[in-house]
Amino acid sequence: MIQLQNISKSFASQELFSNLNFKLNAGNRMGLVGRNGSGKSTLFRLILGEESEDSGEVIIPKHYKIGTLKQHLTFSEKTLREEAALALEEEMKYDVYRVEKILFGLGFVNEDLDKDPLSFSGGYQIRINLAKLLVTEPNLLLLDEPTNYLDIVSLRWLKNFLRAFSGELILITHNRDFMDSVCTHTMGLVRKNIEILEGNTHKFYEQLALNDELYAKQKVAQDKKVKELEEFIARNKARASTASLAQSKVKQLEKMDRMSDLAFDNSLAFEFNFKESPAKVMLEVEALSFGYTPENILFKDISFSIKRGECIGIIGKNGKGKSTLLNTLAGELKQFSGTLTSHPSVEFAHFGQTNIARLHPNATVTDEIHSANTKLSNERVRSIAGSMMFSGDSSDKKVSLLSGGEKSRVMLGQILAREVNLLFLDEPTNHLDMESIEALTEAIQNFDGAVLIVTHSEEMLRRVCDRLVIFAKSGAEYFNGGYDEFLEKIGWEEDEVEQKVKVVAKSNNKESKKLKAELVRERNKLTSGLKKRVEKLENTIMELEDALSLHHEELIVASNAGDSASLMELSKTVSQEESRVEELFEELEVVQDELDTILLEYEEKIENI
């Protein structure tokens with residue numbers, strides 16, 4: 001077990017922890033919750049020794065190994081076997097069999113061992129890092145947002161894996177359903193300390209609310225008592241006959257442990273501005289098809305309609321075209337074929353992953369929200385900004401100085417400002433904490449219009465979606481039922497595969513080996529150029545993002561210095577760079593999809609020999 005005793009930690013004027021105490025017992029799987037900025041990641045760094053506490057002590061038993069899963073995936077070796085073997089300690093560096101056994105247990109097959117780690121999908125790249133982590137045989141896993149960028153299939157696999165893990169776990173994730181299905185306990189950073197409860201997050205927050213209610217009642221009673229004592233002292237301290245009694249009341253008051261007012265964290269508040277419409281059917285989609293090239297069709301002949309009060313979820317693996325479908329429905333991409341028909345009274349709003357680039361760097365938060373609906377009063381605009389946690393002076397911050405999460409909140413604020421009856425939402429929960437996701441989910445449930453949503457949250461799919469569009473191997477299909485009904489009737493193809501540990505014995509058949517070798521040569525010839533393009537695009541995107549980060553810092557300096565000339569020039573540069581990154585990501589999605597299709601085709605051919 002590990003222990004944290006009387007830990008205090010501050011950054012500048014912000015105190016994160018005050019005399020924090022925590023003990024992790026054998027077999028505990030803890031879900032760590034708390035508002036963004038409450039110190040969850042800092043707590044991890046303290047346990048890992050990457051950050052020093054101001055006071056207190058972190059106690060870790062001798063020979064107790066702690067492993068952490070990196071969010072950023074970087075691979076240096078040319079084969080899966082060599083990449084995973086990097087985790088072996090010096091005295092075990094030739095024990096590759098142990099590495100292979102772990103890889104097979106995580107769903108890789110014998111033919112995968114000589115593949116380039118970069119050739120695998122994002123979900124399987126997470127598994128590669130998990131394999132490297134498990135090779136070290138950790139007692140404790142510290143996982144900070146491991147669900148980021150994973151699709152539903154990968155999330156379901158990781159959920160099952162963590163349930164079966166025999167050691168201890170501390171997990172940070174904004175995905176409430178994922179946390180509740182994995183963890184035995186919930187612990188939360190609340191008012192600079194830690195609260196722990198056996199059970200899920202729902203039980204934790206219910207208990208927290210009850211504790212707050214009891215505290216508030218006790219404080220009212222104490223305040224009443226204090227007032228009575230103060231009034232008694234004021235009446236009696238001047239009279240000689242009662243002065244001694246008044247003095248005893250003064251001492252009683254001084255000894256009293258005064259309860260302070262509860263501090264509550266700010267929450268996002270969502271209330272969509274519904275526009276009345278006589279239409280029952282908000283959008284009719286008939287035989288819709290789209291692809292970036294005629295040879296690369298992402299979806300074909302999709303037909304469905306969405307009525308007022310309905311919600312359709314768009315689900316599937318990453319890179320299959322979910323966002324592209326939403327962009328096509330929103331009119332941002334032109335379909336190859338098919339029709340989109342809506343009633344003249346329909347007004348829609350679109351929250352897209354790449355729409356951040358359309359915010360104006362020199363505009364303020366209130367400017368951007370007001371631009372979405374110029375009829376709104378200044379008071380109403382500031383109210384919406386406040387509901388997105390931009391209160392007071394922060395509502396006048398320029399967009400160029402905001403973080404990615406803050407820009408997402410500005411975009412959500414723009415949607416709240418518009419009068420709409422049809423919403424297109426692409427992963428709207430990114431950058432939101434659990435409480436904010438809950439508020440958004442309830443707002444979608446209460447919205448009188450129609451909603452089309454892309455999300456990897458199974459809990460949100462269950463709560464808000466009436467029907468689905470599913471992206472699978474064969475393309476995209478409309479499903480007339482909710483998410484649980486989909487799991488019952490169809491399910492994810494990979495779920496069946498995950499029930500078995502795929503250990504493939506090496507074939508002794510010379511002919512089959514020859515056929516497999518020929519297929520591998522064909523596959524490598526077809527994919528070599530694509531892999532180079534993917535690598536080049538990824539490197540270019542990373543370079544541009546590094547430059548963007550630098551220019552954002554320069555923007556802050558120029559803004560603080562009041563250098564308007566530099567500010568305008570830098571803003572123009574940042575806007576161009578963000579547009580270029582968006583273009584490169586779109587190109588990368590096309591190339592990666594083409595590469596994945598070829599790899600999958602040849603993987604099936606090789607497995608069938």
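Reading guide: rules and limits
- Residues numbered from 1 in each chain as written.
- Predicted model: local features only at pLDDT ≥ 70, side-chain atom pairs only at ≥ 80, totals over all residues.
- Heavy atoms only, no water.
- Pairing = 2+ DSSP bridges.
- Helix = DSSP H or I, 4+ residues; strand = E, 2+ residues; numbered from the N terminus.
- Axes fitted to C-alpha atoms, helices over the stretch in contact; angles between N-to-C directions.
- Expected span 1.5 Å × (residues − 1).
- Buried < 20%, exposed > 50% of the residue type's maximum accessible area, 1.4 Å probe, protein only.
- Core = buried A, V, L, I, M, F, W, Y, C linked by side-chain atoms within 4.5 Å.
- Parallel < 35°, antiparallel > 145°, perpendicular 65-115°, else oblique.
- Left-handed = near helix turned anticlockwise from the far one by under 90°.
- Contact = heavy atoms within 4.5 Å.
- Nonpolar A, V, L, I, M, F, W, Y, C, P; charged D, E, K, R; others polar.

## Overview of the sheet that holds strand β3 (residues 29-33)
Alright, step 1. Strands sit in the order β5-β6-β7-β3-β8-β9 across an open sheet of six strands; the sheet is mixed. In the strand order of this sheet, the two ends are held by β5 (66-69) and β9 (193-198), each with one partner. Across the sheet, the mean angle separating the axes of adjacent strands is 20 degrees when strand polarity is ignored.
Alright, step 2. Pairing analysis gives five bridges linking strand β6 (residues 140-144) to strand β7 (residues 168-172), with the strands arranged parallel. Considered in β7, the bridge of Leu 140 is made with Glu 168.

## A short note on helix α5 (residues 152-164)
Note: α-helices contain 3.6 residues per turn, so residues at a spacing of three or four share the same orientation.
Alright, step 1. Compared with the 18 Å implied by 1.5 Å per residue over 13 residues, the 19 Å span of α5 between its first and last C-alpha is a close match.
Alright, step 2. The buried fraction of α5 is high, at 10 of 13 residues.
Alright, step 3. Those residues of α5 that sit buried are Ile 152, Val 153, Ser 154, Leu 155, Arg 156, Trp 157, Leu 158, Lys 159, Phe 161 and Leu 162.

## With respect to the nonpolar core
Within soluble globular proteins, side chains that are nonpolar tend to cluster in buried spots.
Alright, step 1. In this structure, Phe 270, Phe 272, Ile 315, Leu 423 and Leu 468 are the most contacted members of the largest nonpolar core, which totals 50 residues.
Alright, step 2. If one sorts the elements of this core by residue count, helix α12 (residues 404-417) sits on top with six residues.
Alright, step 3. Core analysis: the second largest hydrophobic core is formed by 45 residues, Phe 75, Leu 80, Ala 84 and Met 434 among them.

## Re the packing of helix α10 (residues 365-372) against helix α11 (residues 378-387)
Alright, step 1. The geometry of α10 relative to α11 is characterised by a closest axis approach of 9 Å and an angle of 115 degrees between their N-to-C directions. Relative to α11, the element α10 is oriented roughly perpendicular. Every pair of crossing elements has a handedness; the one defined by α10 and α11 is right-handed. Two secondary-structure elements touch here, α10 through Val 365, Thr 366, Ile 369 and His 370 and α11 through Val 381, Arg 382, Ile 384 and Ala 385.
Alright, step 2. The residue inventory of the contact of α10 with α11, partitioned by class, reads five nonpolar, two polar and one charged.

## Quick word on the pairing of β6
On a regular strand, one side chain projects to one face of the sheet and the next to the other, so that they alternate.
Alright, step 1. Here β6 lies mainly inside the structure; five of its five residues are buried.
Alright, step 2. One ladder, built from four bridges, connects β5 with β6; its direction is parallel. Note that in β6 the partner of Gly 67 across the bridge is Leu 141.

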